[in-house]
Every structure is written in C-alpha cells, then in structure tokens.
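Notes for the structure review
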Amino acid sequence: MFLKFSRLLLPLICVVGLNVPLQAYAFGNDILTIGGGFSQGYINTNGNNYLGETRDGSFKATEAFINFHLQPHRRIHLATQLLHRRVGDTATNNDNLSLEYGLIGVSLLARESFAISAKIGRIKIPTGFYNETRDIPSSKPGIILPRGYYYESNRDSISNDGAALDIAWQNELGDFQLDLQRGKIRTSSSNLKQLDLAGLAFSSKVTGNMANIARVNYFTPDGQWRLAFSLVDQRLGFDFDID
C-alpha cells in the first residue's frame, strides 16, 4: 500500500492503492500469471478544477484492473488487461470492464546484447517516460503529468490497435532501445456528449485515424539517467452539430 501527494496549479491529490501479488498457474508447459490492482484517490484544488469539479474536493478517482499473462512458448507470450475506471467527469468513465490492452508478442531475435521483438493487437503507446506504466497504481509518478502529453481525460489514449517492433541493444556506452508502432487511434463511443452553451445544444464526437509512433530510449551504464525522444504523427477529428 502506498500514499502519494502531488501539487500543481495548487491542487492536492491523494491516492491510496493496492497491488495484488501475481499468481502463477502451470498448464503443462504453459505458464499463466494473473495480477490486479485497485486505487482510490481524493482530489482537492483551490484554483482550477482538475478532470471535473474538484474545488470542494472529490473522491471521483477510482481505478481497478486485472491482467493476465500467458507464455505458451519461450518466444511467444500473450498479455491482456481489463480496467474499471471512474475519474472525474472524463469521457471514458465506465461502469464495466474495458480492454485496456491485449496483445500477442513474439521474440524474433535474442542475443546477449541485442534483441528484436514484435507485438500485434491493442498495444500501449511508447511515448514519454510514463505512458506505459501510468495505468499501474504503484508506478504512478508523484506529480500531475502534462495534460497536453498524457491525456488523462481520455484513457483510450494509453493504447492503439496495431503492430509494434522493439529493438534493444547494449554496449559500453549504455543501453539503447528503439520502439516503432503503427496503429489505429482509439476513440470511445462515450466521447459523444451533449453540451449546452449559451442556450444551444451541441453534439460532439472525436474520431481517430492511423498513428505512426517512434521512440528512442537511452540508459546510462550505471542506470541513474534515462533520456528519451518520442516522435508521433497522428490525426484526430472533431465533429459537432447544433441540435
């Protein structure tokens, strides 16, 4: 269990979370691991609202997930995670479980200092330092992440539907990793909302196309420093009608 506090634009965010230890089950030579987690947060701001009405305090910060990992072959693995999330008044809140990621991964080449792997399915987007780990309560950073880069108001932004290629290598200068991904941008049907502005009713919907993503990671030999460069080419559409 852990407790975290963050301040940005004068908010107070408190998150209490619990990670369930992984359980492993053997089916012949196949190994299935099951894990999960839960977090409940409290958000209070004395300036701007954050993901909803928070100036009087809000407990609308609940997340629960369960994940599965199966390795039927030493070079092949399958992984998936189901998520329940209600945070603020965001468009992707849901009362049911949603598929956050689900993929098949294949190790194409594995050497002592060089490796290539591929993935297909619903895959986490390799951008920045935190996008691939911000869905896990115990690994959430203790700060509010830049909302223009990590879209907390739309949790669908954590993964795309497509394919990825990962290349990693080591030498005396450090560890290097190249992540390449092409996928369909996810947009939830719940993005369709009714807005009331100046007495007019608006219906709005966000649509997504294909995204091309590349990221280069560098770790110093002592592991104390990490540098990353991300390049994203994607297009989002915004449609609205006046009712």
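Residues numbered from 1 in each chain as written. Predicted model: local features only at pLDDT ≥ 70, side-chain atom pairs only at ≥ 80, totals over all residues. Heavy atoms only, no water.

1. Some points on the pattern of salt bridges
For the structure shown, the criterion picks out 3 salt bridges. In this structure, Asp161 and Arg122 form a salt bridge, with 2.7 Å as the shortest nitrogen-oxygen distance. Taken together, the residues Asp161 in strand β8 (residues 159–171) and Arg122 in strand β7 (residues 114–124) connect sequence positions 39 residues apart. A salt bridge links Arg215 to Asp179; the shortest N-O distance between them is 2.9 Å. In this pair, Arg215 sits in strand β12 (residues 210–219) while Asp179 sits in strand β9 (residues 174–185), placing the two residues 36 residues apart along the sequence. No difference in accessibility class separates Arg215 from Asp179, as the two residues are buried. (Salt bridge = Lys/Arg side-chain N within 4 Å of Asp/Glu carboxyl O. Helix = DSSP H or I, 4+ residues; strand = E, 2+ residues; numbered from the N terminus. Buried < 20%, exposed > 50% of the residue type's maximum accessible area, 1.4 Å probe, protein only.)

2. Concerning the pairing of strand β4 (residues 61–73)
Pairing analysis gives 11 bridges linking β4 to strand β5 (residues 76–87), with the strands arranged antiparallel. Considered in β5, the bridge of Phe65 is made with Leu83. Counting the residues in the hairpin turn of β4 and β5 gives 2 residues. (Pairing = 2+ DSSP bridges.)

3. Remarks on the packing of aromatic side chains
We describe a pair of aromatic rings using the distance from one ring centre to the other and the angle between the two ring planes. A full pass over the atoms with the stated rule returns 3 aromatic pairs. Here the aromatic rings of Phe176 and Tyr218 are separated by 5.0 Å at their centres, their planes lie at 40°, and the arrangement is tilted. Linking Phe176 in strand β9 with Tyr218 in strand β12, this pair joins segments that are 42 residues apart in sequence. In this structure Tyr218 comes out as partly exposed when scored by relative accessible area, which is 22%. Here a set of aromatic residues connected by ring pairs shows up, and it is made of Trp169, Phe176 and Tyr218. (Phe/Tyr/Trp six-rings, centres within 6.5 Å; stacked < 30°, edge-to-face > 60°.)

4. Focus: the side chain of Thr220
Here Thr220 shows up in the loop between β12 and β13 (226–233). Taking the relative accessible area as the measure of exposure, Thr220 reaches 18% and is therefore buried. Among the polar contacts listed, one links the side chain of Thr220 to the side chain of Asp222, at a separation of 2.6 Å. In contact with Thr220, not counting residues within four places along its chain, are Gly174 and Trp225. (Polar contact = N/O pair within 3.5 Å; in protein donor to acceptor, adjacent residues only side chain to side chain. Contact = heavy atoms within 4.5 Å.)

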